[in-house]
Amino acid sequence: MKIDRLVLGEYQTNCYILRSSDKATDCLLIDTGLDSRELLAFLERNKLTPKALIITHGHIDHIAGVEMLRAKYPDIIVYIHKLDAETLTDPTSNLSFMLDSADSQADRSFSTEKADYLADEPEVIEAAGIKLKVLHTPGHTPGGMCLYAEKENAVFVGDTLFADSVGRTDFPGGNMRQLIEGIKTKLLTLPDDTVVYPGHGNRTTIGREKTHNPFL
C-alpha cells in the first residue's frame, strides 16, 4: 500500500492518501484538514481519483474539506461512524462554531450534507483496492474510529492516540475512561510492530506506545 501524508490547515491535521500501489490512480482518503486546497492540488497534480473519504471523527479540522471534495469529485463516497453522523450537519457538534471567537472575520461555522455511509465495528470498508477494518474507539468523540489495515501492518487512529499522548477529552462528548479503554482493548492488542498513523504529529508504533506513552 502506498501512503502519502499531507499536513493541512492551521491545526496541522494529517490527511492520508492511500493507494493499492504507487502506480494506482484510484485512492482512498482519510480526513481532510481544515483547508483542503493543498489536498485537491495534490490529487490533480498526481492525476488521482478519490473513490472514498473516511472521516475518523467529526471535528471541524478533520471534515472541513468534505464540500470541496464532493464538488470536485461528485462520485466520492463519504464514510463516518454512525455516532458522529450529526457532526457533518451541526456546527455545534463539529466545533466549527468555536472558530468564530478566534477569528474576527466572517462566520466560519460549517455544515454540509450527510455522509453517504454510516460505519460501525466490526465491518471492513473497501475502496480503491484498500481494505480497512473499523475499530470503534470513542472518547475523543462518541463516534471516533480507527482504521486497521491488517495486511499492511498499519492503523490510522485519528485523534484517539498520538506519539506519547492521547486525544483530548474536554470537548463535548469526550470521555477519558472510554478513550483509554478503547486504546487498551482495540489498539494495544495489535502487533507491537503495527505502524500508527495519527491525526496530528508523526507516526509511531503500538509497541513504542505500550512502553513510552505516559497515559497508558
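This structure is a prediction, so every number in the text was calculated from the model and none was measured. (Residues numbered from 1 in each chain as written. Predicted model: local features only at pLDDT ≥ 70, side-chain atom pairs only at ≥ 80, totals over all residues. Heavy atoms only, no water.)

A.B. asks: Explain empty space enclosed by the protein to me, please; I cannot follow it from the model alone.
C.D. replies: Counted according to the given criterion, the structure contains one cavity of 30 Å³ or more. Each pocket or cavity is described by its volume, and for the largest cavity that value is around 30 Å³. Partitioned by chemical class, the residues of the lining of the largest cavity number two nonpolar, seven polar and one charged. (1 Å grid on protein atoms, 1.4 Å probe; cavity = no way out; pocket = protein on both sides within 12 Å on 5 of 7 lines; lining within 4 Å. Points joined across faces, edges and corners; volume = space filled by probe spheres on them. Nonpolar A, V, L, I, M, F, W, Y, C, P; charged D, E, K, R; others polar.)

A.B. asks: Help me understand unusual backbone geometry, please; the structure alone is not making it clear to me.
C.D. replies: Glycine aside, residues mostly have negative phi, and peptide bonds are mostly found in the trans state. Cis geometry is adopted by the peptide bond preceding Pro122, which originates at Glu121 and carries an omega value of 10 degrees. Position of Pro122 among the secondary structure elements: in the loop between strand 6 (117-119) and strand 7 (124-127). Positive phi is not limited to glycine here, since Lys47 has a value of about 55 degrees. Along the chain, Lys47 turns up in the loop between helix 1 (37-45) and strand 4 (49-54). The backbone phi angle of Asp164 is positive, close to 65 degrees, even though this residue is not glycine. The topology assignment puts Asp164 in the loop between strand 11 (161-162) and strand 12 (165-166). (Helix = DSSP H or I, 4+ residues; strand = E, 2+ residues; numbered from the N terminus.)

A.B. asks: Honestly, the side chain of Asp61 in this entry has me stumped. Any pointers?
C.D. replies: Within the secondary structure layout, Asp61 lies in helix 2 (residues 60-63). Setting aside residues up to four positions removed in sequence, Asp61 forms contacts with Tyr11, Thr13, Gly33, Leu34 and His200. (Contact = heavy atoms within 4.5 Å.)

A.B. asks: How should I be thinking about the layout of surface pockets in this particular structure?
C.D. replies: Rolled over the atoms, a probe with the dimensions of a water molecule shows which regions are left empty. The computed volume of the largest pocket comes to approximately 320 Å³. Lining the largest pocket are 15 residues, and of these Tyr11, Asp61, Leu95, Arg168 and Phe171 sit closest to its centre. Put simply, the parts of the chain that give the lining of the largest pocket at least two residues each are helix 2 and helix 4 (99-102). A per-class count over the lining of the largest pocket returns eight nonpolar, four polar and three charged.

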